[in-house]
Each structure stands twice: as C-alpha cells, then as structure tokens.
Amino acid sequence: MTALLQAIVLQAGHNAASVVLGAALLGLAAGAAGSVMVLRRRALVSDAMAHAALPGLAAAFLLMAGLGGSGRWLPGLMAGAALTAGLALLAVEALAARTRLPADAAIATTLSVAFGLGLVLLTLIQGLRWGEPAGLEGFLVGSTAGMLRADVAAVAAVAALVLAAVALLRRPLALLAFDEGHAAASGLPVRLLDRMAMLLVLLVVIAGIRLVGVVLVVALLILPALAARAWTRRAGPMMALAAVLGGAAGWVGAALSAAAPGLPAGPLVVLCAALLAGLSLLLRGPTARRRPDRRPLIDAAEGALWTRLRLKEPRSPLLERDDGRTPLGAVLPAETLEALRQGRS
Amino acid sequence: MNAPGAFPEVDLRDSPLALRGLTAGYGGQPVLLGADLTVPPGTMTAILGPNGAGKSTLLRAALGLLRPEAGRAFFWGGDLDRMRGRVAYVPQRASVDWDFPATIEDVALMGLQRELGLLGRVRPRHRDRARAALDRVGLLPLADRPIGALSGGQQQRVFLARALAQGADLFLLDEPLAGVDAASEESILRVLRELRDEGRTVVAVHHDLGTVLRRFDRAVLLNRRVLAEGPVALALTARTLQATYGGRLDPLALAGLDG
C-alpha cells in the first residue's frame, strides 16, 4: 500500500514517476479526443486506426534495420505508425463510400486486415534477425520499459495540443456531432472538423501505443467518455470531465503497475478507466441507460386527446405538467390507457 | 428546353428559392429528376408526395448537403454560400440522436453558429436570442432541461426554435409535423404563419393533405418529378393528386376536391 501511495505521489523513483506522469497526460488527451469521437459516433474508426498503426511500426522497423540501423529509432517508428493509421482512415472512408459495405463492416475489414498484416510483419522480423527487434511486441499491449523524460515531454506536447483544440472548438464539434445536416447547412466546415478530430485521435494513438499498445488504446478513448456521460447532460462539461477521468485512470493505473512490479501498466490503466466507467454507470445509471421509449405512445395519446376535446387553448394546467408531459393517467380513463398500451405493444 | 410560360414570371432575385433542373440521388441512382420550382417570397409552400418521392432529397440537394447530379438551386438568384445566414434548415427530427448531451437552450443556441463562427464565445445577448426563440415556441420554461426528456412535438419545437434563433428569411423544414401531437402542431403552424406574415418564406415537406389545404398558401406535388406547383387551390386537383399518388390515395380524400 505504501508502495502504491509513493508511486501515486511520484516518489517511487525516477522511472516510475516518468511512467505515471506520461500515463496521466495520455489519459487526459485520450479522454478529451475520445469524447469527441464517441459523441460523433466514430469511436470504432479510432480502433481501426490504432490497430493499423502496427504494420506501419513493423514496416518502419524493417526499413530502418534494413538500412543498417538498430531499427529502434522511435520517431521513425512513430512516423511509420502514423502513416498506416492515416491510410486505414482513408481505407475505411473509401470502402464505406465506394462499395456496398456498411460503415461498421468497412471498419471491421480494415481493422482486421491491417492488424493481420502487422502480426505477419512482426513474426517476419523475429525470424530475420535484423536490427534489435527485442521489445517490439511491447507495442501490442504496451510496455513501460525505458520510458524516458523525453517521451513524457512528447506525450505532454500531444496532450497540450489535443486539450487546446478540443477546448477551443468544443461548440462547433458538439454541433457537428449532434446534427451533421444542420451543421453543414449553416456552413460549418464539416470535413475539416472531422479531419481535425481524426488527427487528434491519431496523435493520441501514436502517443499511446508505447504505453498502452495498439490493442488497448481505444479503451482509453472510449471509457472516460462513457464515464463522463453518466455525470453530465451537456457536451462541453462531458469533454472536460472525460479528460479529467482519463487522466486519473492513467495516473492511478500506472502507479499501481509501479507499485506491483510485473503487472503491466497499459492494461492496468485501461482497467482503471473501466472501473471508473462501471462505477459511473452504476451510480448515475438513469441518465445514461436507455429506458423503453414511451414517447410515441404519449404523442399518440396526446394527439387523440386534443382532437377529441377540440381544445382551442393549447396549454392547460390540467393537461400539461411543468415538464411539458401530459399526465395521461390524470385525464384518460384507465381502460383507454390500457387499450392504448395493448394496441402499441 | 422549357416551354415558354412554364414558370411564373418572377425575377429570380426576388425568389428566396428557385430550382432549375435539379437532379440528385444516392449512389448514382437519381431520386429527384429535373426539378423546377420557383418559390415566391412571403409565402408558405408545402412539398407533398408519397414516400420515396424525393421530398427530403429535394431539400438536401438544394442546400448542397447532397451533391446534385445536374441542375442548380438559386437563393435570391445567387449561390447559397452568399446567402447562408438567411437560410434556416430544419431536418427531420428523427435524423438526430435525442440522447445527445445537450440542454434545450444549447440546441437553440446552435442556430447562432454562423454569427458565432468557429471560435466565438457565447455571450448574454446570444443567450437572450436563443431564449426569445424558445419563448416563441413555448419551451422557455424548459430551457435548462436535457433534450432527452422531450416528447416528439417538443423535439420538433426545439428544432424550430433553433431556426428562429438564426433569424433567417427562408425556412426549409423537413416533415416539421411528423409524429407531432396536436398541441405542438398548432403551435408550430402558428409560428410558421407568423413568419409568413412577417414577410419571410416557409417551405415545408409535409404529408397531410388536410393541413396543406387549410394552412398553406402554395403546394408542390412531387413524385421524383415536380408534377404540379402553384397556389393550393390550383395545384391540388383530383388529377394532379392522382398523378402524384397513383392509386394509393383514398377516394374519400379526393371527393372534397374539384376535379
């Protein structure tokens, strides 16, 4: 327990402190960018991008090792990852637009093909004995080995950029996520905003694959947003809260891994985020859980009622409570209400 | 080309919305074929037609939300891009997720997007305008409620408030009365009539012939092509309706019309 507390307050050694800070900053960025994706209903596209980072990493390693290096120069690996992740995004869009595949199938196809290619390349690398491939598999589920202060600085830069962009553009981003047709009709640069949001996710993915890995990074994008949605009913506060919760999950998860050597940081961070999401849904369920939709029933009954009564005055205290819903039980005989229910179900 | 006299003699610069040969569809399959239309200012026009007739497609193509295969839409004789602030679009309410985290006031504020720009801050005067728009549709008391709790009629009124907040001169509404309770229908039609009386122009996709006959000035009958256009009494005849709806129309509904 003291080991965990020490890790949480960054007193468990230099390396552990770097990992904890890096994970927390990554969580901040992932929470903010992820909530934009979740609201826009594009969360799965970010998963495809994350998985598609793997073949890029492996190809970059092969290229660099083939040219005689160790193949482990991080900026080179990241550039490769970003390239194929971006290509995956284009592939998803092209498949959805040009073929009969619906969007979800286009995403699944891209994700699995890219990931399969990545695994083949990784296996190839192990057999080739070029460069120094040890630890490359850490990109699958993340690793904290050799997290340097420079890495933390890079993650911090990504986090600052993502947070600034989401904070500045939160209103148009929410508008676009809510109603694309209206957004486009009012002249909002829809494509540009979507591209920018994807770029933010790409940055988070690239920053996150070292720590959390390509397989798990999507969880860090989605879970904080899910948790935040349970606590707030407005888009702006949801984005802010998702960032905070993501940061907390990163901080605590990485500290846990530092306190219990041998336990992997990435999965622990994801589990912490899942715990937050689970608790949020448990405590604040009704705002997030879908209740059976009785609105059509109420609309129909209201309509029937107004026609029957031929009321000229559209508002009446008897018929409309302050929340605008008509208390049907108060004005309709029980058997009529029951008949309506039967007819609807 | 078109026969002389096919269009009313209107200077395009006076017409808030005019379509010339507008053709659009999805995946290379045209739904709307060569639509010609001239909407006079200060009128309430209903676009009528059976399911799949291209009513929504017409609005979406005119607004550039769907790339037209051919033809053009003119807004006061010019491109939409120069006139966007004057055009408000109200999509079908079923086209959005009403579990989205937003309050009723948030949605009304979205109508001010053009004014605010990408980075503008919402100031009290913007809030006042959003609230005034909500007041007009009778939703001001609910301004701070989440939109998830609204009935269908209230959802439609929020959408209308968002368009009102924009302060547009042309309102394009897609099925504003679909699945709406009678009280909301009354309230929406009243606001639309007020807009018309202020000299603004209302074009609504609609499906109920009765409402159109009683409440709208002009009607457009559409079944992939524009089959009739004009003042309600002239455009809606047994013959044009038969041509639009085929055998699908209730003979009783036709009985009240002049042949």
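Before reading on, note that the structure itself is shown above.
Just so it is clear, the structure is predicted and the values come from calculations on it, not from any experiment.

Cut-off values and rules
Residues numbered from 1 in each chain as written. Chains lettered and ligands numbered in written order. Predicted model: local features only at pLDDT ≥ 70, side-chain atom pairs only at ≥ 80, totals over all residues. Heavy atoms only, no water. Helix = DSSP H or I, 4+ residues; strand = E, 2+ residues; numbered from the N terminus. Rg over C-alpha atoms; globule rule 2.2 N^0.38 Å. Buried < 20%, exposed > 50% of the residue type's maximum accessible area, 1.4 Å probe, protein only. Contact = heavy atoms within 4.5 Å. Areas by Shrake-Rupley, 256 points an atom, 1.4 Å probe, with all protein chains shown as cover. Lys, Arg positive; Asp, Glu negative; His and termini not counted. Charge placed at Lys NZ, Arg CZ, Asp CG, Glu CD. Patch = residues over 30% accessible without salt bridge, like charges linked within 9 Å, V, L, I, M, F, W, Y side chains within 5 Å. Salt bridge = Lys/Arg side-chain N within 4 Å of Asp/Glu carboxyl O. Phe/Tyr/Trp six-rings, centres within 6.5 Å; stacked < 30°, edge-to-face > 60°. Lys NZ or Arg CZ within 6 Å of the ring centre and 35° of its normal. Axes fitted to C-alpha atoms, helices over the stretch in contact; angles between N-to-C directions. Parallel < 35°, antiparallel > 145°, perpendicular 65-115°, else oblique. Left-handed = near helix turned anticlockwise from the far one by under 90°. Nonpolar A, V, L, I, M, F, W, Y, C, P; charged D, E, K, R; others polar. Core = buried A, V, L, I, M, F, W, Y, C linked by side-chain atoms within 4.5 Å. Pairing = 2+ DSSP bridges. Buried area = accessible area lost by both parts, 1.4 Å probe. Polar contact = N/O pair within 3.5 Å; in protein donor to acceptor, adjacent residues only side chain to side chain.

A. Here's a closer look at the overall build of chain B. Across its full length, chain B holds 11 helices and nine strands. For a compact globule of 259 residues, the expected C-alpha radius of gyration is about 18 Å, and chain B comes in at 18 Å, within 12% of that figure. Considering only C-alpha atoms, chain B reaches an extent of 55 × 40 × 40 Å along its principal axes. Sorting the 259 residues of chain B into buried and exposed places 56% on the buried side. When contacts within chain B are restricted to residue pairs at least 6 apart in sequence, those whose partners lie at least 24 apart make up 68%. A total accessible area of about 10700 Å² is found for chain B, and carbon and sulfur atoms account for 49% of it. Side chains of chain B give 32 positive and 29 negative charges; the mean places of these two sets differ by 3 Å.

B. Representation of a nonpolar patch on the surface. Residues and elements named next belong to chain A. A cluster of nonpolar side chains, contributed by W231, L275, L279, L282 and L283, occupies part of the molecular surface with about 570 Å² of accessible area. It is helix α12 (residues 265-288) that contributes the most residues to the nonpolar patch, four residues altogether. Looking at the secondary structure, you find L275 in helix α12.

C. Focus on the packing of aromatic side chains. For the structure on display, the rule yields four aromatic pairs over all chains. For the ring pair F178(A) and F159(B), a centre distance of 6.3 Å and an interplane angle of 80° mean the geometry is edge-to-face. You can see F178(A) sitting in helix α7 (residues 149-178) and its partner F159(B) sitting in helix α6 (residues 152-166), one on each of two chains. Residue class for F178(A) comes out buried when judged on its relative accessible area of 4%. By relative accessible area, F159(B) is classed as buried at 0%. Of the aromatic side chains, those joined through ring pairs into one cluster are F178(A), W98(B), F100(B) and F159(B). Sitting over the ring of W76(B), R86(B) keeps its end group 3.8 Å from the ring centre. Over the ring of F159(B) we find R162(B); its NZ or CZ atom is 4.2 Å from the centre of that ring.

D. Seen up close, the packing of helix α5 (residues 124-136) of chain B against α6(B). Residues and elements named next belong to chain B. As a packed pair, α5 and α6 sit with axes 8 Å apart at the nearest point and diverge in direction by 130°. Here α5 is positioned oblique relative to α6, judged by the angle of their axes. Read as a crossing pair, α5 and α6 show a hand that is right-handed. Contacts between α5 and α6 involve R129, A130, A133, L134 and R136 on the former and, on the latter, A161, L164, A165 and Q166. Partitioning the contact of α5 with α6 into residue classes produces six nonpolar, one polar and two charged.

E. Spotlight on the nonpolar core. Ranked by size, the top nonpolar core spans 150 residues in total, and within it V162(A), F178(A), I209(A), F100(B), I147(B) and L236(B) carry the most contacts. Apart from residues no more than four positions distant in its own chain, F100(B) is found in contact with L39(A), A174(A), A177(A), F178(A), R229(A), A235(A) and I147(B). Residues L17(B), V87(B), V205(B) and L222(B) belong to the second largest nonpolar core, which totals 30 residues.

F. Highlighting the sheet that holds strand β2 (residues 29-39) of chain B. Residue and element names in this part refer to chain B. Read across the open sheet, the three strands follow the order β2-β1-β4; overall the sheet is antiparallel. The outermost strands of the open sheet, each flanked by one partner alone, are β2 and β4 (70-74). Adjacent strand axes in the sheet meet at a mean angle of 25° when their direction is disregarded. Bridge count between strand β1 (residues 17-26) and β2: seven bridges; the pairing is antiparallel. By the bridge assignment for β2, A24 is matched with L32. The strands that helix α1 (residues 55-62) touches are β1, β2 and β4; relative to β1, the one it contacts most, it runs at about 110°.

G. Up close: the interface of chain A and chain B. The interface is formed by 38 residues belonging to chain A together with 44 residues belonging to chain B. Between chain A and chain B the total buried area reaches about 3600 Å² when both faces are included, carbon and sulfur atoms providing 55% of it. Joining chain A to chain B, the criterion identifies 12 residue pairs in polar contact (both at pLDDT 80 or more). When contributions to the side of chain A that touches chain B are tallied by element, the ones reaching two or more residues are α7, α8 (180-185), α11 (235-259) and α13 (295-309) of chain A. Among the elements that line the side of chain A that touches chain B, the one with the most residues is α7(A), at eight residues. Split into classes, the residues belonging to the side of chain A that touches chain B amount to 17 nonpolar, six polar and 15 charged.

H. Local environment of the sheet that holds strand β5 (residues 87-90) of chain B. All names here are of chain B. Strand order in this open sheet of six strands is β5-β6-β7-β3-β8-β9, and the pairing throughout is mixed. Either end of the sheet is taken by a strand with one partner, and the two such strands are β5 and β9 (225-231). Across the sheet, the mean angle from the axis of one strand to that of its neighbour is 15°, orientation sign disregarded. Where strand β3 (residues 44-48) meets strand β8 (residues 218-223), four bridges bridge the pair, whose relative direction is parallel.

I. Seen up close, the packing of helix α2 (residues 14-40) of chain A against helix α10 (residues 217-231) of chain A. Residues and elements named next belong to chain A. One way to put it is that α2 packs onto α10 with a least axis distance of 7 Å and a crossing angle of 75°. Accordingly, the angle class assigned to the pair α2 and α10 is roughly perpendicular. Counted together, L26, G27, A30, G31, A33, G34, S35 and V38 of α2 and L220, L221, I222, P224 and A225 of α10 form the full contact between these two elements. Residue composition of the contact of α2 with α10, by class: nine nonpolar, four polar and no charged.

J. Representation of the pattern of salt bridges. The final tally for this structure, using the stated rule, is 25 salt bridges over all chains. In this structure, D179(A) engages R162(B) in a salt bridge whose closest nitrogen and oxygen atoms are separated by 2.9 Å. Placement of the pair is D179(A) in the loop between α7 and α8 and R162(B) in helix α6, with the two residues belonging to separate chains. Residue classification places D179(A) among the buried residues on the basis of a relative accessible area of 2%. Judged by its relative accessible area of 0%, R162(B) is buried. Notably, a salt bridge pairs D79(B) with R72(B), separated by 3.0 Å at the nearest N-O pair. Judged by relative accessible area, which is 41%, D79(B) ranks as partly exposed. Sharing partners across several salt bridges, the network here consists of R86(B), R136(B), D169(B), R190(B), E194(B), E198(B) and R200(B).

These results come straight from atomic positions and should not be treated as a statement about function.
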